[in-house]
Amino acid sequence: MVSANVSGDLSSEMEVDAFRRLFPLRYHERFLLDSIRPDARPLGRARDTSLALGAVASADGSALAKIGCTTMLAAVKMEVMTPPKESPDEGSIAIEFYMPPICSPLVRPGRPAEEAPVVSKQLSDTILSSGMINLKELSLVSGKAAWMAYLDIYCLDADGSLFDAALLAAVAAFSHLQIPVVSLNEDGRVVVVSEENEEGKSEKEPVNKGKRKLTLSSLPFSLTCILHKNYILADPTAEEESIMETLVTVVLDSSGQLVSLYKPGGPVLAYASAVQDCIALTRQRVKELKSILNEAISDMEVD
Amino acid sequence: MSMEIGRDDGRTANQLRPLACSRNILNRAHGSASWSQGDTKVLAAVYGPKAGTKKNENPEKACIEVIWKPKTGQLGKPEKEYEVILKRTLKSICLLNINPNTTTSIIIQVVSDDGALLPCAINAACAALVDAAIPLKHLAVAICCCLTESGYVILDPTKVEEQKMKAFAYLVFPNSAISIIPEGSSHMEGELMEHGIITSVTHGVMSVDDYLHCLERGQAASTKMSAFLRRSLQSQAPNDSSRAG
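Residues numbered from 1 in each chain as written. Chains lettered and ligands numbered in written order. Predicted model: local features only at pLDDT ≥ 70, side-chain atom pairs only at ≥ 80, totals over all residues. Heavy atoms only, no water.

Chain B has the name Exosome complex exonuclease RRP46 homolog in an unreviewed UniProt entry, where Vitis rotundifolia is given as its organism. Heading Subcellular location (unreviewed entry) of the UniProt record for chain B holds this comment: "Nucleus, Nucleolus". For the record of chain B, the UniProt heading Sequence similarities (unreviewed entry) holds the text "Belongs to the RNase PH family." (UniProt positions renumbered as here; feature names shortened; annotations may be inferred.)

As named in an unreviewed UniProt entry, chain A is Ribosomal RNA-processing protein 43, taken from Vitis rotundifolia. According to the UniProt record, the Sequence similarities (unreviewed entry) comment for chain A is "Belongs to the RNase PH family."

Caption draft 1: Examining the overall build of chain B more closely. Of the regular secondary structure elements, chain B holds four helices and eleven strands. A sequence separation of at least 24 residues applies to 71% of the contacts in chain B between residues at least 6 apart. Accessible surface, chain B: about 11200 Å² in total, of which carbon and sulfur atoms supply 52%. (Helix = DSSP H or I, 4+ residues; strand = E, 2+ residues; numbered from the N terminus. Contact = heavy atoms within 4.5 Å. Areas by Shrake-Rupley, 256 points an atom, 1.4 Å probe, with all protein chains shown as cover.)

Caption draft 2: The overall build of chain A, seen in detail. Along its length, chain A carries seven helices and twelve strands. Counting all 303 residues of chain A, 48% fall into the buried class. Summarising the internal contacts of chain A: among those between residues at least 6 apart in sequence, 67% fall at separations of at least 24. Here chain A displays about 14700 Å² of accessible surface, and carbon together with sulfur accounts for 52% of that area. (Buried < 20%, exposed > 50% of the residue type's maximum accessible area, 1.4 Å probe, protein only.)

Caption draft 3: Looking closely at the interface of chain A and chain B. Facing the 40 residues of chain A at the interface are 35 residues of chain B. Carbon and sulfur atoms make up 58% of the surface buried where chain A meets chain B, a total of about 3100 Å² over both sides. For the pair chain A and chain B, the interface holds three salt bridges. The salt bridge involving E114(A) is made with K87(B); its shortest N-O contact spans 3.5 Å. If you list the elements that add at least two residues to the side of chain A that touches chain B, you get β4 (92-98), α4 (115-129), β11 (247-253), β12 (258-262) and α7 (272-302) of chain A. In terms of residue count, α4(A) provides more of the side of chain A that touches chain B than any other element does, seven residues in total. Taken together, the residues of the side of chain A that touches chain B break down into 19 nonpolar, twelve polar and nine charged. (Buried area = accessible area lost by both parts, 1.4 Å probe. Salt bridge = Lys/Arg side-chain N within 4 Å of Asp/Glu carboxyl O. Nonpolar A, V, L, I, M, F, W, Y, C, P; charged D, E, K, R; others polar.)

Caption draft 4: Main features of the side chain of E83(B). Residues and elements named next belong to chain B. Residue placement: E83 occurs in helix α1 (residues 77-93). Although E83 is buried, it forms no salt bridge, and the closest oppositely charged side chain is K80 at an N-O distance of 5.0 Å. Not counting the four nearest positions on each side in its chain, E83 is found in contact with V66, I67 and W68. (Lys, Arg positive; Asp, Glu negative; His and termini not counted.)

Caption draft 5: Summary view of the pairing of strand β3 (residues 40-51) of chain B. All names here are of chain B. The pairing of strand β2 (residues 31-37) with β3 spans seven bridges and is classified as antiparallel. When the bridges of β3 are listed, S36 appears paired with K41. Where β3 and strand β5 (residues 102-112) come together, nine bridges link them in antiparallel fashion. Bridge assignment links V46 to a residue of β5, and that residue is I106. (Pairing = 2+ DSSP bridges.)

Caption draft 6: Seen up close, a nonpolar patch on the surface. A cluster of nonpolar side chains, contributed by Y98(A), I102(A), Y154(A) and L156(A), occupies part of the molecular surface with about 360 Å² of accessible area. Within the secondary structure layout, Y154(A) lies in strand β6 (residues 145-157). (Patch = residues over 30% accessible without salt bridge, like charges linked within 9 Å, V, L, I, M, F, W, Y side chains within 5 Å.)

Caption draft 7: Inspection of the UniProt feature "domain: Exoribonuclease phosphorolytic" (unreviewed entry) in chain B at higher detail. Look at the UniProt record and you will see "domain: Exoribonuclease phosphorolytic" (unreviewed entry) annotated at residues 15-135 of chain B. Annotation note: span residues 15-135 of chain B, helix share 26%, strand share 35%, distance between end C-alpha atoms 32 Å.

Caption draft 8: How the structure looks around the packing of α4(A) against α1(B). Interaxial distance between α4(A) and α1(B) falls to 9 Å at its minimum, and their mutual angle equals 110 degrees. Here α1(B) runs roughly perpendicular to α4(A), going by the angle between their axes. By crossing handedness, the relation of α4(A) to α1(B) is classed as left-handed. Side by side, α4(A) and α1(B) meet where P117(A), V118(A), S120(A), K121(A) and Q122(A) of the first sit next to K77(B), P78(B), K80(B), E81(B) and V84(B) of the second. Among the residues forming the contact of α4(A) with α1(B), the class breakdown is four nonpolar, two polar and four charged. (Axes fitted to C-alpha atoms, helices over the stretch in contact; angles between N-to-C directions. Parallel < 35°, antiparallel > 145°, perpendicular 65-115°, else oblique. Left-handed = near helix turned anticlockwise from the far one by under 90°.)

Right, dumping it as structure tokens:
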């Protein structure tokens, strides 16, 4: 093929950056032959992950998660609502994922990112089906009042593996969540007790003084991998995702059950062996993420 | 697990609902097909290749656009997700280098939904692409496998069954190619090409072994569906000359 000869001739004279822009696949494949990636990571390793709880002071629960350059800010706000008749003793969760133009040069106000509604729906499906949150814990007065938790996740920097970072931020925000204290006022309605209000405390008995934190069981963690020929690359950057288009996202919960295996098409077929390898990489990643989350929670409690 | 599971319509665990496929049902579309599995019916229409690609797309390759129309209600996030999954699945079976800088539009209209909607739509879209003579690498067959509370895997659920299930998985496999060379269909390190998955979307929590079990059942069922697809696409009469565009 003519283009192969051209790139062969030019590669000795061209600058590395130019070669990377003009022949991205060949550039990456040269690294893959040595089982390494342009940022010096081995194929199975994810980027440096960090987690900070309580990033939004006014929210009831919040977290800032960074995987490499991908940054997600998650915040939970609680509101009292009347539960629907079909489930009078369950609260509810509403999850939204936003990709504002700050996150990527491809997103402009009139041109929303294609991934935003997909990641948003994937997140709500994963969080609700993993059973992490028992909706009955969000109930206040059966049939009359229950909590509605609004979880908003903002992507501040989109550099690949958006779903992984968003799920980590969401799980961390719910771990950090402190349910506000409420009490019944004279009209029989449930109101939030503000902390500055010292007077009249004996008249208003807090309804839920004891239960401030949610009990979370089986936290879901995920890892996105790229399949390219015979290679499996864990935690791709945005550049790798755009060149090698076959992505597999595996979500496992802390007891090792498969919450979701999402592979939306892509030129490379996934055989059972590749599926097993991705699941094994994800299991390792779940251990790493669990320890990062526990470290972040204990840092918060020390403060 | 050889016990019989009582399904509401009397099917066994591995039995699919009656399949029906018709091509060339819309006059103005370049290609069209309807696919029904039991009471789930989806209509797909293909227009293309049309000149030009969208702004963000690579002009050196052909581009695919999917529009999903639900039976009732407004377009929301579930429809957007279906559009993206369909687009990426169909992109991987089309030969994109043949007609560069063109757009092919696929419109999916849900006629009735009785479970396994996304697999039905993928099958309909595939048949419509064949009807429109869009160059393809191979065909795709889609199937839905679900896991009951007791751990059995059943195929092709109805809507009522889907809601009762612990978990389900939509799987898309490539259609096995009948090769004209004596070596037979292509192998990849001991695994047949048709056992690789193009797409997998799961809902609900299941163990890893259950998922691999679903994969095996899906692979077995996909060979039956591939045979049906091949028969139904071959038996239709050759296209008449009155075609738009």
